[in-house]
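# Observations on the three-dimensional arrangement
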Amino acid sequence: MDELTTIGFDADDTLWQNERFFRLTEKRFAELLSSHAEEETIAARLLEAERRNLGVYGFGIKGFVLSMIETAMEVTEGRVPASVIGEIMAAGREMLAHPVELLPQARQTIEALARSYRVVLITKGDLLDQERKLAQSGLGELFHAVEIVSDKNAATYSRIFERHGDGAQRAMMIGNSLKSDVVPAIEAGGWGIHVPHELTWVLEHVEPPEAAPRYRRIQALGELPDLVESIRNGAG
């Protein structure tokens, strides 16, 4: 009954670059406010704003921009120039228009697994931006289904794998975030495969579930087909 039939993929920093552009924009933001505070202080204040705003703005670039504006107002004690606000908004528009950069082996891995399994894209963030990136990636046609959600937890995976598969017990989730992609998928009863990215947002950090029987870690996406085959054969 636990034979694997469905494989879910995260998108940002699993299939294509994402966090890199946030880091570059954050550095630019700190430079804009360099006369008011040190870069480390600005980064810490921005992270605080992002943490408290997640429940209001959700994940994605638009919430990030609003958090930058809020931070700028706080750091300057309400005296932030309109020109700086304009720069922040322009930076956000640039992020939203940035071309998609696929990570190595993304297409080949999905193509290989789609021959034998249902493959589902499960990503969180702003709906329009995620749809844009998926369209530009050229990967959309490879997936049997696409789910763009506001957050990822065990209930999310249970629902999606029931809708597009045979339940979480017969499903696997692959992603760079232990917190969003791996741990909740395992909690739902599925496999959780961690593919680390060199840049992962600090709010996505949790300890790896080393004791979980269905937890695995690979170094690169191209290793996934062999891992899936070994699990299928009972050797993984």
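Preceding this section is the structure that the text describes.
Since the model is a prediction, treat every value here as computed from it, not as a measurement. Throughout this document, residue positions are counted from 1 along each chain, in the order its sequence is written. Local features in this predicted model are restricted to residues of pLDDT 70 or higher, and side-chain atom pairs are both shown and tallied only at a pLDDT of 80 or more, whereas totals for entire chains, interfaces and linings draw on every residue. Values reported for side chains reflect all heavy atoms of the structure, with hydrogen atoms and water molecules removed beforehand.

This paragraph deals with the side chain of lysine 133. Runs of H or I in DSSP of at least four residues are treated as helices and runs of E of at least two as strands, each being numbered from the N terminus. Tracing the sequence through the fold places lysine 133 in helix H6 (residues 127–137). Here a polar contact means two N or O atoms within 3.5 Å. Within protein one must be a hydrogen donor candidate and the other an acceptor candidate, and residues neighboring in sequence count only if both atoms are side-chain atoms. A polar contact is formed between the side chain of lysine 133 and the side chain of aspartate 12, at a distance of 2.9 Å. Between two residues, a contact is recorded if the distance between any of their heavy atoms is within 4.5 Å. Once residues lying within four places of it in the same chain are set aside, the contact partners of lysine 133 are Asp12, Trp16, Asn18 and Val100.

What follows concerns the packing of helix H1 (residues 19–32) against helix H3 (residues 61–75). Relative to each other, H1 and H3 sit at 20 degrees, their axes nearing to 12 Å. By the angle between their axes, H1 is roughly parallel relative to H3. The interaxial crossing formed by H1 with H3 has right-handed handedness. Across from Phe22, Thr25, Glu26 and Phe29 in H1, the residues of H3 making contact are Ile61, Phe64, Met68, Thr71 and Ala72. Amino acid classes used here: Ala, Val, Leu, Ile, Met, Phe, Trp, Tyr, Cys and Pro are nonpolar; Asp, Glu, Lys and Arg are charged; the rest, including Gly, are polar. Its residues placed into classes, the contact of H1 with H3 shows 6 nonpolar, 2 polar and 1 charged. Helix axes use the C-alpha atoms of the stretch in contact, all axes being lines fitted to C-alpha atoms, and the angles between their N-to-C directions lie in the range 0 to 180 degrees. Roughly parallel covers angles under 35 degrees, roughly antiparallel covers those over 145, roughly perpendicular covers 65 to 115, and oblique covers all other angles. Each crossing gets its hand from how the near helix is turned against the far one by less than a right angle, where anticlockwise is left-handed and clockwise is right-handed.

The subject of this paragraph is the sheet that holds strand S1 (residues 6–9). Following DSSP output, two strands are said to pair if at least two bridges run between them. Ordered in space as S3-S2-S1-S4-S5-S6, the 6 strands form an open sheet in which the pairing is parallel. The open sheet has two free edges, formed respectively by strand S3 (145–149) and strand S6 (215–217), since each of these has just one partner strand. For this sheet, the mean angle separating the axes of adjacent strands, direction not counted, is 20 degrees. Together, strand S2 (118–124) and S3 form the strand contacts of H6, whose direction differs from that of S3 by roughly 145 degrees.

All right, on to helix H8 (residues 178–187) then. Along H8, 8 of the 10 residues are buried, which leaves the element largely enclosed by surrounding structure. Among all positions in H8, only Leu178, Ser180, Asp181, Val182, Val183, Pro184, Ala185 and Ile186 are buried. Contact partners of the buried residues in H8: S2, helix H7 (154–164), strand S4 (171–175), strand S5 (191–194) and S6. The distance from a side-chain oxygen at the start of H8 to the backbone nitrogen of lysine 179 is 3.4 Å, and the residue carrying that oxygen is serine 177. Positive backbone phi, approximately 110 degrees, marks glycine 189, located one or two places after H8. Only protein chains enter the accessibility calculation, which uses a 1.4 Å probe; a residue whose area is less than 20% of its type maximum is buried, one above 50% is exposed, and one in between is partly exposed.

Turning next to the environment of threonine 25. Relative to the assigned elements, threonine 25 resides in helix H1. When the C-alpha positions of threonine 25 and glutamate 204 are compared, they lie 19 Å apart, and in sequence the two are 179 residues distant. Discounting chain neighbours no more than four positions away, the residues touching threonine 25 are Phe64, Met68, Ala91 and Met95. Within the structure, the side chain of threonine 25 is placed 2.8 Å from the backbone oxygen of phenylalanine 21, a separation counted as a polar contact.

Where H1 contacts helix H4 (residues 82–97), the two axes come as close as 11 Å, and the packing angle between them is 170 degrees. Relative to H4, H1 is oriented roughly antiparallel. Residues Phe21, Phe22, Thr25, Arg28, Phe29 and Leu32 of H1 pack against Val84, Glu87, Ile88, Ala91, Glu94 and Met95 of H4. Among the residues making up the contact of H1 with H4, the classes are represented as 8 nonpolar, 1 polar and 3 charged.

Mapped onto the elements of the fold, aspartate 12 is located in the loop between S1 and H1. For aspartate 12, a relative accessible area of 14% translates into the label buried. Apart from the residues within four sequence positions on either side, aspartate 12 is in contact with Asn18, Lys124, Gln130, Lys133 and Asn176.

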